[in-house]
Every structure is written in C-alpha cells, then in structure tokens.
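# Results of the structural survey
One letter stands for each residue in the lines below.
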Amino acid sequence: MLCPECGKRPATLHYTKIVNGEKTEFHLCEVCAQEKGEVMPGFEHGFSFHQLLSGLLNFNSSPQEAYKPQTLRCNTCGLTYNQFSKIGRFGCGDCYKTFRERLDPLLRRVHGHSTHRGKIPERAQGELKLKKELEQLKAELAAKIETEEFEEAARLRDQIRSLQEQLEK
Amino acid sequence: MSLEHFIQNAISEWMRVKGPQSDIVFSSRVRIARNLDGLPFPLLSTQSQAEEVVRRVEEAWKNDKDRLAVLKDAELIRMSDLTDLEKRVLVEKHLISPMLAEESRHGAVLLSQDESVSIMINEEDHIRIQVLFPGLQLEKAWELASQIDNWLEKHLTYAFEGGYGYLTSCPTNVGTGIRASVMVHLPALAMTQQLNRLIPAITQVGLAVRGIYGEGSEALGQLYQVSNQVTLGQSEEEILDNLQGVVRQMIEHEQIARRRLQEMSLTQLEDRVHRSYGILAHARIIDSNEAMKRLSDVRLGVDMGLILGVSANVMNELMVMTQPGFLQSYANQRLNPEQRDIRRARLIRERLAMEQTKEQ
Ligand SMILES: [Zn+2]
Ligand SMILES: [Zn+2]
C-alpha cells in the first residue's frame, strides 16, 4: 500500500487511534509519520520479522556501502534498496533483477540456497522448452551456413521465425 | 440464537472433523504465495491496481468454477464489506491473516463452502492460497493447494523467474512460496519440561516453532505451530517431508511423555484434568489465559481416556469460540474485558452441558 499522505513511499506504519471512542486506522510511510510527529502505539505489532530481516540486511552491507549515496532503484516500481532494507519487502517482480547482486548473499543466508528447485508453472515450462528449442535451432542454422547448406538453412530460418512468433504471443 | 445453532454456523470443518493423529495434531495448513506478472506487489499498488487483482481472480473463478469442485460454492468476500468484528472472527478461525483483516485496502478472500480453502487476495502478495485440514494431512493439503494453483494459472500469468522461482514481496517466501504448518498440542512435553530442549533442536533444522495463542515464549493452551522457514532451493516435497518427519518425532515424544505421566503420577494427572474440568463446568468468570490452560488440561484428559463423556473436538471449538471476536459475535454486541470474562464462562458452561445431555 502507498502512503496516503504523500502517495510516494510505501506505507510501513499501520496503527489504530481511538479519539473520543471513534476508531480510526492510519497508514503512513516513515517520513510522513515523523513529520506528523506521530507516536506509534503498537508499533512493534507484526513488524518483528521484517525488522529482523532488515537487521540481516544492514549487517550484510559494509560501512562504506552504507554511506555511499543511494542510487540503486528499481526502474519499474521506484523502490530503492534503502527502502527495501528498511521494510524487508519488494515492490514488484523486477526488484529481484534490479537488486540481484545484493540479493543472492541474503537469500543464501535466509534459505541456504539462492536457486529455485521446486514447482514450475505450466506456462513457464512451455516457454522454457521453446526457448531451449530456439537456441538449438539457431546453433544448427549457424552450422548449416558455415557448411553452405543454404536450402537446409532456409528451412531452419523459417522454423526459427515461427517459434519466435509463438514466444511473443 | 441458541448455542447449538450458533456453533453450527460458526465452526469450520477443521474444528469439527477428526483428522489423522488428532489427539496431538489439531490441524495442517499449506499456504502458497503467488503474484501476478506485470503488476506491482500490494505494498506499492495503487487503488486501481489492487482492484484489478481482485477483478482478475474473481473473473477466473466465475468463468471456470465448475472445474474445481471445492470452489464451486465458494464465496468472494471483500474486506471492505465486513465489520471489524466479522473480520476478527475470520482471523480467529484461521481463515484469513491479521494482515488481510487490518492492513489491506482492497483485500478480499475467496472462501470455500467448507472453509477448508481460502484464497486471500491483496495480502502481502497478490494471491495466497491456503488449505486447512484437520489432523496431520500435509500431503493432502499440498495436493489440493497445488491443484488450485494449477487451475488459477490457467487464467492468470504469475510472476515467475527461472532462477528465483515464484517471486514474492518478501524474499523469505521466494522460490516455492510455500509455508506449511502444523498445529500441535504438547501438554505432556510442557509438563515434563522437555519443550525447552526440543524447540531449539527444531529451529536448527530450518523449522520455526511458535505459540499459537499468547505472546512471547509462553504458549497458552500448549498449542504450537511448527512451520518451514526455507522456501528456496528445496522442492515442495522436500520441504513437506522435512516438516512431516519432525512433526512425527514430536508426536512420538509427546506420546512417550503422556505414557510416562500416566505411569508415574496418574493421581496427580487425574486431579489436574478433573480439577480443570470442574472449573470450566462451574466458573462464572474466566479470563482467556485461564480458559486456554483449563481447556488444554481437559483436552489432554479426554485424549488419554481420563475424562469420559466429552468429545475431544469440543476443546478445539471452545479454544476458538472463547476468543474475543467470537464472544462478541455470539453476544451480538461489543463487550468490554470484564463482560467478556463472564460471557466466556457462560459459553463454556453451556457447551459442556450440551455434551452431558447428549450422553443421556
Ligand atoms: Zn508518506
Ligand atoms: Zn520493483
């Protein structure tokens, strides 16, 4: 959820205030919360795990890194690595690519591994297979051109084209 | 509304039906996290993006619900349509997470008729498929969760990457996105002070143990949740095998401890469980800490054949029904803590009395 106050940063503080018996829920990002001078009762609620995780993240980065101006930012969702290390959560799937280098050591620390070995969605399975086939055909094509078997090469080129079309669908 | 009628509406099947190993394992749960490709995670989604996720899941379900029997008569419930109390009851029944109830803005849940399946939408991840079964049935729960996953995937494109697997908002869930957990009742291990040795050993094999009720280290009612921590680098089957193996060992240790108690201090044990029964059957004011403790004792007494004429699942029911949300929903009004303690005692008395009339 985005902070409703600034609409920019993720709302990481969630709490309920009771004023004159009326219950109101608040969601704020840290910056806005600080600006509003909000004291947060129940701040710990539900955050221990992510704080633990961010402890891990801070431990991970060397002091030099911590003082470096923060430029690593996900182009898709706008989340910076700094924000991630505070809230322990990513903003979108592309964050995994953006932060890959720093992420792998963290994943190994948390899971003992950094590569998936479980279930694969059927759709991705099909795609992976097509990609593999495509690579193979391309290699064959190069070989046929090398040996000047142009008729075969033309046939392969058509096959590659149709596979590429399938993948783009 | 009569208590009998209320229970019929309020109790999920996992609390009513006896599952395998149910003298120690109350329930098994498998939850898998999934996100949709091309949309930011709920943490950063705008109102319309969050609404889009709900819409896509709803559409998939409406157009194709006949293919999965369990979801045929399911109901899509938006958090915005529920009162705080209604949400709280769903949390107490373990059907939705506190996060979905409290924090999500476009949160929704697709809940199966028998309440064994709940698909949470816009929780920490776009989709969380949860299957909850009575007793020790991890494999069956995973099978169903995976079926639902396959069915959803026919209609939606997941955020998936060859190397990292299923992408999740929190990197502690990435890969398989699976969190399997088992709710175990370990009163004999607690009484014989063996838990302090057992719990650290379990955390060393990549599992987490925490009390289900109560805060900090003290688990009210001696109910613990054991779950996997690792989601990446192992297959779902390996993760489940590991958990199942440890749970089987816990069951064995608990059984040995129960036998030993029976052999070495039967009278003390009988006194304890019957004393607790007496308090539950007659108290006029009882707070939730004491209620949980007494219910745990009576459940142990029932499971060991020391208390007759009460069915074991009554304790499961009461552990859930004496939570604040349930009490208030049965009373049909908001209650302060003192009022709750009185209502709690009355509800327990009435429920135990129902058992006695059944006996005659
Ligand atoms: Zn803000
Ligand atoms: Zn991102």
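Rules behind the numbers
- Residues numbered from 1 in each chain as written.
- Chains lettered and ligands numbered in written order.
- Predicted model: local features only at pLDDT ≥ 70, side-chain atom pairs only at ≥ 80, totals over all residues.
- Heavy atoms only, no water.
- UniProt positions renumbered as here; feature names shortened; annotations may be inferred.
- Helix = DSSP H or I, 4+ residues; strand = E, 2+ residues; numbered from the N terminus.
- Contact = heavy atoms within 4.5 Å.
- Buried area = accessible area lost by both parts, 1.4 Å probe.
- Salt bridge = Lys/Arg side-chain N within 4 Å of Asp/Glu carboxyl O.
- Polar contact = N/O pair within 3.5 Å; in protein donor to acceptor, adjacent residues only side chain to side chain.
- Donors = N, O, S within 2.8 Å, 3.2 Å for Na, K, Ca; no water.
- Tetrahedral: all angles 85-135°; square planar, octahedral: opposite > 155°, others 65-115°.
- Buried < 20%, exposed > 50% of the residue type's maximum accessible area, 1.4 Å probe, protein only.
- Core = buried A, V, L, I, M, F, W, Y, C linked by side-chain atoms within 4.5 Å.
- Domains from an automatic or database assignment.
- Phe/Tyr/Trp six-rings, centres within 6.5 Å; stacked < 30°, edge-to-face > 60°.
- Nonpolar A, V, L, I, M, F, W, Y, C, P; charged D, E, K, R; others polar.
- Axes fitted to C-alpha atoms, helices over the stretch in contact; angles between N-to-C directions.
- Parallel < 35°, antiparallel > 145°, perpendicular 65-115°, else oblique.
- Pairing = 2+ DSSP bridges.

The name given to chain B in an unreviewed UniProt entry is Protein-arginine kinase, and the organism recorded there is Laceyella tengchongensis. Taken verbatim from the UniProt record of chain B, the Catalytic activity (unreviewed entry) comment is "L-arginyl-[protein] + ATP = N(omega)-phospho-L-arginyl-[protein] + ADP + H(+)". According to its UniProt record, chain B has this under Sequence similarities (unreviewed entry): "Belongs to the ATP:guanido phosphotransferase family."

Labelled according to an unreviewed UniProt entry, chain A appears under the name Protein arginine kinase activator, originating from Laceyella tengchongensis.

UniProt records the feature "domain: UVR" (unreviewed entry) at residues 131–166 of chain A, using the numbering of this structure. The annotated region residues 131–166 of chain A carries 92% helix and 0% strand content, and the separation between its end C-alpha atoms amounts to 10 Å.

At the junction of the two partners, chain B supplies 48 residues and chain A supplies 42 residues. Taking both partners together, chain B and chain A bury about 3900 Å²; carbon and sulfur atoms supply 56% of that area. Among the residues of chain B in contact with chain A, Leu-43, Leu-44 and Tyr-164 of chain B are the three that bury the most area, contributing 19% of the side total. Taken together, the connections running from chain B to chain A amount to 4 salt bridges. Ionic pairing is found between Arg-100 of chain A and Glu-161 of chain B, a salt bridge with its closest N-O pair at 3.2 Å. The tally of links from chain B across to chain A stands at 18 residue pairs in polar contact (both at pLDDT 80 or more). Of all elements in the fold, only α5 (98–102), α6 (138–153), β6 (160–161), β7 (165–166) and α9 (236–264) of chain B reach the threshold of two or more residues within the side of chain B that touches chain A. Per-element tally for the side of chain B that touches chain A: the top contributor is α6 of chain B, with 5 residues.

Residues and elements named next belong to chain A. The zinc ion (ligand 2) binds to the protein through Cys-74 (SG), Cys-77 (SG), Cys-92 (SG) and Cys-95 (SG); the donor distances cover 2.3 to 2.4 Å. Considering all 4 donor atoms around the zinc ion (ligand 2), the spread of angles at the metal, 98 to 124°, places the coordination shape in the tetrahedral class. Along the chain, the residues donating to the zinc ion (ligand 2) are arranged with the sequence spacing C-x2-C-x14-C-x2-C. Cys-95 shares its class with Cys-92; the two are buried.

A few words now on the nonpolar core. If you look at the biggest cluster of nonpolar residues, it comprises 105 residues, and the most contacted ones within it are Val-30, Leu-71, Ile-127, Ile-148, Val-184 and Leu-352 of chain B. Lining this core are residues from two domains, each supplying at least three of them: domain 1 (3–257) and domain 2 (266–359) of chain B. Residues within four places of Val-30 of chain B in sequence aside, it is in contact with Ile-129, Gln-130, Val-131, Leu-138, Ala-141, Trp-142, Ala-145, Ile-178, Arg-179, Ala-180 and Leu-240 of chain B. Counting residues in each nonpolar core, the second largest holds 22 residues, with Cys-92, Phe-99 and Leu-106 of chain A together with Tyr-164 of chain B among its members.

For the structure on display, the rule yields 9 aromatic pairs over all chains. Ring geometry for Tyr-81 of chain A versus Phe-99 of chain A: centroids 5.5 Å apart, planes at 65°, classification edge-to-face. One end of the pair, Tyr-81 of chain A, is in helix α4 (residues 81–87); the other, Phe-99 of chain A, is in the loop between α5 (95–98) and α6 (100–111), with 18 residues separating them in the sequence. The class of Phe-99 of chain A is buried, set by a relative accessible area of 1%. Centre to centre, the rings of Phe-84 of chain A and Phe-90 of chain A are 4.1 Å apart; their planes meet at 15°, and the pair counts as stacked. Per residue, the accessibility class of Phe-84 of chain A equals that of Phe-90 of chain A, and both read buried. These aromatic residues form a ring-pair network of at least three members: Tyr-81, Phe-84, Phe-90, Tyr-96 and Phe-99 of chain A together with Tyr-164 of chain B.

All names here are of chain B. For chain B, the assigned domains read domain 1 (3–257) and domain 2 (266–359). Using only C-alpha atoms to locate each centre, domain 1 and domain 2 end up separated by 26 Å. With 26 residues of domain 1 in contact, the opposing surface of domain 2 contributes 28 residues. The largest contributions to the domain 1 side of the interface with domain 2 come from Leu-3, Phe-6 and Glu-92, which together make up 23% of the buried area. Applying the counting criterion to the domain 1 and domain 2 interface returns 0 salt bridges. Across the contact surface, domain 1 and domain 2 share 5 residue pairs in polar contact (both at pLDDT 80 or more). Among the residues making up the side of domain 1 that touches domain 2, the classes are represented as 15 nonpolar, 4 polar and 7 charged.

A few words on the side chain of Ser-28 of chain B. Residues and elements named next belong to chain B. Within the fold, Ser-28 resides in strand β1 (residues 25–34). Ser-28 gets classed as buried once you look at its relative accessible area, which sits at 0%. A distance of 2.6 Å separates a polar atom in the side chain of Ser-28 from the backbone oxygen of Gly-135. In terms of polar contacts, Ser-28 uses its side chain to reach the backbone amide nitrogen of Gln-137, at 2.9 Å.

Helix packing geometry: the angle between the two helix axes and the distance between the axes. Residue and element names in this part refer to chain B. One way to put it is that helix α11 (residues 288–303) packs onto helix α12 (residues 313–321) with a least axis distance of 9 Å and a crossing angle of 170°. In terms of their interaxial angle, α11 and α12 are classed as roughly antiparallel. Residues Met-292, Leu-295, Ser-296, Val-298 and Arg-299 of α11 lie in contact with α12, whose contacting residues are Met-315, Asn-316, Leu-318 and Met-319. For the contact of α11 with α12, the residue count by class is 6 nonpolar, 2 polar and 1 charged.

To continue, consider the pairing of strand β10 (residues 223–228) of chain B. Residue and element names in this part refer to chain B. For β10, the tally of buried residues reaches 6 of 6 residues, placing the bulk of the element in the interior. One ladder, built from 5 bridges, connects strand β9 (residues 207–211) with β10; its direction is antiparallel. Bridged to Leu-207 within β10 is Asn-228.

All names here are of chain B. Pairing within the open sheet is antiparallel, and its 8 strands lie in the order β2-β3-β4-β5-β1-β8-β10-β9. Two strands in the sheet have a free side with no partner beyond their single neighbour: β2 (75–78) and β9. Here the average twist between neighbouring strands, direction ignored, is 20°. Two elements, strand β8 (residues 178–185) and β10, share 5 bridges in a ladder whose sense is antiparallel. Of the residues in β10, the one forming a bridge with Val-184 is Tyr-224.

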